Amino acid sequence: LEFDGSVFTPSPVGAAGEPIRRFDQIPDIMTMEIPPIEPLVDGMISRGTITLWTGSDGTAKTFLIQKMACAVATGGEFLGRRCHAAPVLYLDYENPSFAVRDRLDLMAGGPIPGLKVWGTWLEQQPPQIGNELLLTIAKETKPLIIIDPFRYAHGAEENDSTEMMAVMQMLRYCAARSEE
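Residues numbered from 1 in each chain as written. Predicted model: local features only at pLDDT ≥ 70, side-chain atom pairs only at ≥ 80, totals over all residues. Heavy atoms only, no water.

Draft legend 1. The side chain of Arg 47, seen in detail. Following the sequence through the fold, Arg 47 ends up in the loop between β2 (45-46) and α1 (61-74). For Arg 47, a relative accessible area of 12% gives the class buried. Apart from residues lying up to four places away in sequence, Arg 47 is in contact with Glu 38, Leu 40, Ala 86, Lys 142, Pro 143, Ser 178 and Glu 179. (Helix = DSSP H or I, 4+ residues; strand = E, 2+ residues; numbered from the N terminus. Buried < 20%, exposed > 50% of the residue type's maximum accessible area, 1.4 Å probe, protein only. Contact = heavy atoms within 4.5 Å.)

As structure tokens, then:
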């Protein structure tokens, strides 16, 4: 698996800020200051998490996730759940521009501030998972990042757990950056 940027693994740090080298330096989870959960879609999607929606081809996953993207970008409702307004980056590796525009127009009736759809119809292709640009966007903008479909966003063999571990690690870095 090749990534555009270097893979980095943060060193574990103990309570005093030094690297963990002994059992007694491991911070106690029960006394750590842990920020509260920041929901994007109440009871369904929270900032700093990874959610994978799966299903057979043709089961309207794209329509559903596009509707959620509109609701989060506008602070509306999705499936009867309150959405907390946040920027949304929708990486579309499959659908033609006319189809995406028609669907979003039906769902929202026009431009949607806070929603950016980056598709293959643009001269600069959407970045693959592992591209440093995704980490930068996650840190600077803190968007809900939607990848559609997941299988086109990386070059890993999906049935190889070692290759998919690297892909998931890069997604975890993006999720963690959105909380910084």
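There's more to say after this.
Draft legend 2. Main features of the packing of α1 against helix α2 (residues 97-108). Between α1 and α2, the shortest axis-to-axis distance is 10 Å and the interhelical angle comes to 55 degrees. On the basis of the axis angle, α1 is oblique to α2. Seen along the crossing, α1 lies across α2 with a hand that is right-handed. Contact residues: α1 offers Thr 62, Phe 63, Gln 66, Lys 67 and Cys 70, while α2 offers Val 100, Arg 103, Leu 104, Met 107 and Ala 108. Of the residues contributing to the contact of α1 with α2, the split by class is six nonpolar, two polar and two charged. (Axes fitted to C-alpha atoms, helices over the stretch in contact; angles between N-to-C directions. Parallel < 35°, antiparallel > 145°, perpendicular 65-115°, else oblique. Left-handed = near helix turned anticlockwise from the far one by under 90°. Nonpolar A, V, L, I, M, F, W, Y, C, P; charged D, E, K, R; others polar.)

Draft legend 3. Here's a closer look at the pairing of strand β5 (residues 88-92). Within β5, five of the five residues are buried, leaving the element largely enclosed by the surrounding structure. Bridging between β5 and strand β6 (residues 115-119) involves five bridges; their strand directions are parallel. Note on β6: the bridge partner recorded for Leu 89 is Lys 116. This β-α-β element, β5 to α2 to β6, shows right-handed connectivity. As paired elements, β5 and strand β7 (residues 144-148) share five bridges and run parallel to each other. In the strand pairing of β7, Asp 92 is matched with Asp 148. (Pairing = 2+ DSSP bridges. Right-handed = clockwise from strand over helix to strand, strands pointing away.)

Draft legend 4. Highlighting the pattern of salt bridges. In total, this model carries three salt bridges according to the counting rule given. Linking Asp 24 and Arg 22 is a salt bridge whose minimum nitrogen-to-oxygen distance equals 3.2 Å. Residues Glu 38 and Arg 47 are paired through a salt bridge, measuring 3.1 Å at the closest nitrogen-oxygen approach. Residue Glu 38 is classed as partly exposed on the basis of its relative accessible area of 42%. (Salt bridge = Lys/Arg side-chain N within 4 Å of Asp/Glu carboxyl O.)

Draft legend 5. Examining the layout of surface pockets more closely. Volume-wise, the largest pocket comes out at about 1100 Å³. As for the largest pocket, its lining consists of 43 residues, of which Thr 51, Leu 52, Trp 53, Ile 146 and Ile 147 are closest to the centre. Counting only elements with at least two residues in the lining of the largest pocket, the list comes to β2, α1, α3 (132-141), β7 and α4 (161-177). Across the lining of the largest pocket, the residue classes break down as 24 nonpolar, 11 polar and eight charged. Here the second largest pocket defines a volume of roughly 290 Å³. In this structure, the second largest pocket is lined by Ser 97, Val 100, Arg 101, Leu 104, Asp 105, Gly 110, Pro 111, Ile 112, Leu 115, Val 117 and Trp 121. (1 Å grid on protein atoms, 1.4 Å probe; cavity = no way out; pocket = protein on both sides within 12 Å on 5 of 7 lines; lining within 4 Å. Points joined across faces, edges and corners; volume = space filled by probe spheres on them.)

Draft legend 6. Summary view of the state of the cysteines. Evaluation of the coordinates by the stated rule reveals zero disulfides. Cys 83 supplies the cysteine sulfur nearest to Cys 70, a cysteine that is in no disulfide, at a spacing of 10 Å. (Disulfide = S-S within 2.5 Å.)

Draft legend 7. Representation of α1. Between its terminal C-alpha atoms α1 stretches 20 Å, which fits the 20 Å expected from 14 residues at 1.5 Å a residue. Positioned one or two residues after α1, Gly 75 has a phi angle of 75 degrees, which is positive. (Expected span 1.5 Å × (residues − 1).)

Draft legend 8. Seen up close, the sheet that holds β6. As summarised here, the arrangement of the three strands in space is β6-β5-β7, forming an open sheet in which the pairing is parallel. Where the open sheet ends on each side, the last strands, each with one partner, are β6 and β7. Direction aside, neighbouring strands of the sheet carry axes that sit 15 degrees apart on average. The sheet strands contacting α3 are β5, β6 and β7, and the helix crosses β5 at an angle near 160 degrees.

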